[in-house]
Amino acid sequence: MINIGVFCSSLDGKIIFSELARDLGEKIAQNNLSLVYGGGKLGLMGDIAKAAKSKGSTVISVIPDYLNKPSITYNDADKIHVTSDLFERKRKLIGLSDILVALPGGVGTIDEIFDVIALYALGEIEKPIFLLNIDNFWEPLIRILDHLRESKMIRSSEDKFIEARSLENLFIVNNIEELFDHKSFKKIIS
């Protein structure tokens, strides 16, 4: 089974974001893929988990012990991995996933994205990460990455703050169709 790891908010945000999460959960199930995510039943996390589960997908939850409460945890997940903290949660989620996808989210989601980029840059993982840029949500982050890639370091006009290779596993897609049609996504799920 191919596991799609999804980073997203435990809050709701715009209706379009909740619809995206539900649609992605359904699409994951329709393609006989499993969902790996942060374990919550609230916000976008809850939307994607409930949609994937309702359509027959395996849902794998990874949640830190101090958040593993009935008011937070999606207890209908097929497997719940309880970790000691957020750092272990992130490592476990990344480790269980074949592909990573970031939906809109806050600082936790941004942290997860940058961790995947850093792990790839250091050669620790080879997994692709996709930013689902619905409603141009990720545009400010994309501009920061472009800025870092283009900025010169003081000691040398040749060096940049981000090597081109560091972002080779990062892909920007604007909707679910682009995600599932992307050659790097299709290569893994085929």
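The structure under discussion appears in the preceding block.
These numbers were taken from a predicted model, which means no experiment stands behind them. (Residues numbered from 1 in each chain as written. Predicted model: local features only at pLDDT ≥ 70, side-chain atom pairs only at ≥ 80, totals over all residues. Heavy atoms only, no water.)

Q: A description of the overall build of the chain should follow, citing residues and the corresponding values.
A: Broken down by element type, the chain carries seven helices and nine strands. With respect to the principal axes defined by its C-alpha atoms, the chain has extents near 55 × 35 × 30 Å. The buried share of the chain, taken over its 190 residues, is 48%. Excluding contacts between residues fewer than 6 apart, the proportion of contacts in the chain whose partners are at least 24 apart in sequence is 67%. Split by element, the accessible area of the chain, about 9,500 Å² in all, is 52% carbon and sulfur. When the 23 basic and 27 acidic side-chain charges of the chain are each reduced to a single mean position, those positions are 2 Å apart. (Helix = DSSP H or I, 4+ residues; strand = E, 2+ residues; numbered from the N terminus. Buried < 20%, exposed > 50% of the residue type's maximum accessible area, 1.4 Å probe, protein only. Contact = heavy atoms within 4.5 Å. Areas by Shrake-Rupley, 256 points an atom, 1.4 Å probe, with all protein chains shown as cover. Lys, Arg positive; Asp, Glu negative; His and termini not counted. Charge placed at Lys NZ, Arg CZ, Asp CG, Glu CD.)

Q: Give me the lowdown on the environment of Val-59, citing residues and values where you can.
A: Mapped onto the elements, Val-59 comes out in strand S3 (residues 59-64). The buried category is assigned to Val-59, whose relative accessible area is 0%. Distance in space between the C-alpha atoms of Val-59 and Asp-76 is 8.3 Å, their sequence separation being 17 residues. Those residues in contact with Val-59 that lie beyond four places of it in its chain are Leu-35, Tyr-37, Ala-49, Ala-52, Lys-53, Tyr-74, Ala-77, Asp-78 and Lys-79.

Q: Give me the lowdown on the pattern of salt bridges, citing residues and values where you can.
A: This structure, assessed with the given rule, holds six salt bridges. Between Lys-14 and Asp-135 there is a salt bridge; the shortest N-O distance is 2.6 Å. Residue Lys-14 is found in the loop between strand S1 (3-7) and helix H1 (15-30), and its partner Asp-135 is found in the loop between strand S6 (129-132) and helix H5 (139-150); the two are separated by 121 residues along the sequence. Given the relative accessible area of 44%, Lys-14 is considered partly exposed. Residue classification places Asp-135 among the partly exposed residues on the basis of a relative accessible area of 43%. Residue Lys-53 is joined to Asp-78 by a salt bridge in which the shortest nitrogen-to-oxygen separation is 2.7 Å. Of the two residues, Lys-53 sits in helix H2 (residues 43-54) while Asp-78 sits in the loop between S3 and strand S4 (79-83), which places them 25 residues apart along the sequence. Classification of Lys-53 by relative accessible area gives partly exposed; the value is 28%. Three or more residues joined by partner-sharing salt bridges are found here, namely Lys-90, Asp-111 and Asp-115. (Salt bridge = Lys/Arg side-chain N within 4 Å of Asp/Glu carboxyl O.)

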